Amino acid sequence: MKDQSKLLAAILVGAAAGAVLGLLFAPGSGEETRGSLAGYADELAGKAKEGARTVSDQIKEYGNNVYEKAKSKFGSAAEDMYNYRDGVSDEIRSEGNNLANEAQDQVNRAKSKVKGAADDVNDSIQEA
């Protein structure tokens, strides 16, 4: 972008220098020279406007590209975060279910031992 701006400035300076030299060596009358200057000024203004439009369009395009890249990267990061969160939630849920099942097994074993002990005590009482 800086190179294009430098090139545009160099073209404008060169054109102005050429116009001044042309006026100095022009064999025309004052009215013709003023008309030539006005035409040249209009042409130069048109070129400057076109150059400004081109640079403006390039800046807009660059800005849009940067915006789209940032949006894409942010979206990708957010999606990764949600996927990670979902994976961790599933893992926690699974581990919680495993712990609940293990606890239920321990409770059932304890009940069985208590029932066995109660049955043994009952059998002892019945035999005595």
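Quick note: structure is the one above.
Since the structure is predicted, the reported quantities are computational estimates derived from the model, not experimental observations.

Draft legend 1. Summary view of the overall build of the chain. Along its length, the chain carries 2 helices and 0 strands. Radius of gyration (C-alpha) of the chain: 44 Å, far over the 14 Å computed for a compact globule of 128 residues. Principal axes of the C-alpha set define a box for the chain whose edges measure 145 × 20 × 10 Å. The proportion of buried residues among the 128 residues of the chain is 2%. One way to put it: in the chain the 16 positive side-chain charges average out to a point 8 Å from where the 21 negative ones average out.

Draft legend 2. Geometry of a negative patch on the surface. On the surface, Glu-91, Glu-95, Glu-102 and Asp-105 cluster together into a patch of negative charge. On the secondary structure map, Glu-91 appears in helix α2 (residues 30-127). The exposure class of Glu-91 is exposed, given its relative accessible area of 58%.

Draft legend 3. Expanded view of the pattern of salt bridges. As enumerated under the stated definition, the model contains 5 salt bridges in all. Of the charged contacts, one joins Lys-47 and Glu-43 as a salt bridge, the two residues approaching to 3.3 Å between their closest N and O atoms. Taken together, the residues span about one helical turn, with Lys-47 and Glu-43 both in helix α2 at a distance of 4 residues. Its salt-bridge partner being Arg-85, residue Asp-86 comes within 2.9 Å of it at the nearest N-O pair.

Draft legend 4. Structural detail: the environment of Ala-15. Structurally, Ala-15 is set in helix α1 (residues 2-25). Residue classification places Ala-15 among the partly exposed residues on the basis of a relative accessible area of 23%. Note: C-alpha distance between Ala-15 and Leu-44 (29 residues apart in sequence) is 8.0 Å. Residues in contact with Ala-15, not counting those within four places in the same chain, are Tyr-40 and Leu-44.

Rules used in this analysis
- Residues numbered from 1 in each chain as written.
- Predicted model: local features only at pLDDT ≥ 70, side-chain atom pairs only at ≥ 80, totals over all residues.
- Heavy atoms only, no water.
- Helix = DSSP H or I, 4+ residues; strand = E, 2+ residues; numbered from the N terminus.
- Rg over C-alpha atoms; globule rule 2.2 N^0.38 Å.
- Buried < 20%, exposed > 50% of the residue type's maximum accessible area, 1.4 Å probe, protein only.
- Lys, Arg positive; Asp, Glu negative; His and termini not counted.
- Charge placed at Lys NZ, Arg CZ, Asp CG, Glu CD.
- Patch = residues over 30% accessible without salt bridge, like charges linked within 9 Å, V, L, I, M, F, W, Y side chains within 5 Å.
- Areas by Shrake-Rupley, 256 points an atom, 1.4 Å probe, with all protein chains shown as cover.
- Salt bridge = Lys/Arg side-chain N within 4 Å of Asp/Glu carboxyl O.
- Contact = heavy atoms within 4.5 Å.

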